[in-house]
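If you want the building blocks of each chain, they are given just below.
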Amino acid sequence: MKNTRQNSASIKKKVTNVLVHLFLTILSVIWVFPIFWVVLLSFREQKGQYITSFWPKKFTTANYVKLFTDTALFNFPKWFLNTLFVAICSCILTTFFVLAISYCLSRLRFKIRKPYMNVAMILGMFPGFMSMIAVYYILKGFGLTKGPMIFLALIMVYSGSAGLGFYVSKGFFDTIPKALDEAAIVDGATKWDVFSKIIMPLSKPIIVSTIMTSFMAPWLDFIFAKVIAGADPRYYTVAIGLYTMLTKENIVNWYACFAAGAVCVSIPIAILFLYLQKYYAEGMSAAAACGGDLQRTLHILLPHD
């Protein structure tokens, strides 16, 4: 009787595992299929958005060559560099703002701390594009919607509201023992020393996460970039530039190039993720290892002469 129950439970477990893996496989195929289709489309020789067969009749790299060399109508290399510049600057400022504010709200106590957190939580419920018109006219009033100042305007828009996204980082900082801060201050460290030499080395996972989200937001944004950049193609980002390829007069000749541009846009994000992935694992290990011995951690992070 006991063996029968064990066999029945084993069979049930195997069937469950098979169904779960089958379900996950189907989800994986659904998720990967659009990516595979865009890559396939970027190497297609046929023009236009509608063809009779899913699989291209002939493959070519001409779409990538045209994308980077035929800059008379669509200057994709310039758009790519514009977006890269804005994304890097916004990423640096946003990461600093988020981590600094998160540290202050996690470690410091002041009168408006709780009201600020409540107001930030309420404001975070509203999408950013609701303020789009007001932000545009403020920037226009300061003369930041013309010429190269457009880049400064975009950087200010993407990094200006970064302080509201502190909740995840603050929650991570709350898990780091405050005894580390107290022991460091007793040893003569300043608040900046505690933040830069103790909290930051222990917070690689949240730093990596903040960097990735801060970089992806301006890299993929279309709404704010379109409103602020206006109609001057010299200051377009890749999102706006690729969109112009899909207009009625251009879609036939540039549809495959649009797919090639979409593939090129995804490359920096993939490289960033692959490069920072190892630091995420290292940060998790460092945070766990440094939680035990306070004196040893302080000796490593704050070496004395």
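Located above this text is the structure these notes cover.
Residues numbered from 1 in each chain as written. Predicted model: local features only at pLDDT ≥ 70, side-chain atom pairs only at ≥ 80, totals over all residues. Heavy atoms only, no water.

1. Considerations on the overall build of the chain
Stated precisely, the cut-off is as follows: Each helix corresponds to a stretch of at least 4 residues labelled H or I by DSSP, and each strand to a stretch of at least 2 residues labelled E; elements are numbered beginning at the N terminus. Here's how the labels work: a residue is buried when its accessible area is under 20% of the maximum for its type, exposed when over 50%, partly exposed in between, all with a 1.4 Å probe on protein chains only. Accessibility throughout is a Shrake-Rupley quantity obtained with a 1.4 Å probe, and a residue counts as covered only by protein chains that appear here.
A tally of regular secondary structure across the chain gives 14 helices and zero strands. Listed by position from the N terminus, the elements making up the chain come as α-α-α-α-α-α-α-α-α-α-α-α-α-α. Within the span of the chain, comprising 305 residues, buried residues form 36% of the whole. Just so you have it, the chain exposes about 18,400 Å², and 70% of that area is on carbon and sulfur atoms.

2. Focus: the side chain of Arg44
This is how the line gets drawn: Positive charges come from Lys and Arg, negative ones from Asp and Glu, while His and the chain ends are left out of the count. The term salt bridge refers to a side-chain nitrogen of Lys or Arg lying within 4 Å of a carboxyl oxygen of Asp or Glu. Contacts are assigned to residue pairs with any non-hydrogen atoms lying within 4.5 Å of each other.
Here Arg44 shows up in the loop between α1 (2-42) and α2 (62-69). Comment: no salt bridge for buried Arg44; closest opposite-charge side chain is Glu45, at 9.4 Å. Once residues within four sequence positions are removed from consideration, Arg44 is found in contact with Gln49, Ile51, Pro56, Lys58, Thr60, Asn63, Tyr255 and Ala256.

3. What to know about the packing of helix α3 (residues 76-107) against helix α9 (residues 191-199)
Where we set the bar: Interaxial angles span 0 to 180 degrees and are taken between N-to-C directions of axes, which are lines fitted to C-alpha atoms, for helices over the stretch in contact. Should an angle fall under 35 degrees it is taken as roughly parallel, and over 145 as roughly antiparallel, whereas 65 to 115 is taken as roughly perpendicular and any remaining angle as oblique. If you view the pair so one helix is near and one far, a crossing is left-handed when the near helix is turned anticlockwise from the far one by less than a right angle, and right-handed when it is turned clockwise. Note on residue classes: Ala, Val, Leu, Ile, Met, Phe, Trp, Tyr, Cys and Pro are nonpolar, Asp, Glu, Lys and Arg are charged, and everything else, Gly too, is polar.
Following both chains from N to C, one finds α3 and α9 inclined at 115 degrees, their axes separated by 12 Å at the closest point. On the basis of the axis angle, α3 is roughly perpendicular to α9. Handedness of the α3/α9 crossing: right-handed. From α3, Phe96, Leu99, Ala100, Tyr103 and Arg107 reach across to α9, where they touch Lys191, Trp192, Val194, Phe195 and Ile199. Residue composition of the contact of α3 with α9, grouped by class: eight nonpolar, no polar and two charged.

4. Things to note about the pattern of salt bridges
Enumeration according to the criterion identifies three salt bridges in this entry. With a closest N to O distance of 2.6 Å, Arg107 and Asp181 form a salt bridge. Taken together, the residues span a long stretch of sequence, with Arg107 in helix α3 and Asp181 in helix α8 (residues 178-186) at a distance of 74 residues. Measuring nitrogen to oxygen at the nearest pair gives 2.9 Å for the salt bridge that ties Arg234 to Asp232. Overall, Arg234 belongs to the partly exposed group, its relative accessible area being 49%. Relative accessible area serves as the criterion here: at 23%, Asp232 is assigned to the partly exposed category.

5. Some remarks on α9
Note the cut-off: In this description, the arc belongs to the directions extending from the helix axis to the C-beta atoms.
When we look at burial in α9, the residues that qualify are Val194, Phe195, Ile198 and Ile199. The buried side chains of α9 occupy one side of the element, clustering within an arc of 115 degrees when seen end-on.

6. Side note on the environment of Ala256
Within the secondary structure, Ala256 sits in helix α13 (residues 251-289). Residues Ala256 and Glu45, 211 residues apart in the sequence, show an inter-C-alpha distance of 7.9 Å. Excluding anything up to four places from it in sequence, Ala256 contacts Leu41, Ser42, Arg44 and Asn63.

7. Observations regarding the environment of Ile101
The topology assignment puts Ile101 in helix α3. Residues Ile101 and Tyr167, spaced 66 residues apart in sequence, show a C-alpha to C-alpha distance of 9.7 Å. Every residue in contact with Ile101, bar those within four places of it in the chain, is listed here: Tyr116, Gly163 and Phe166.

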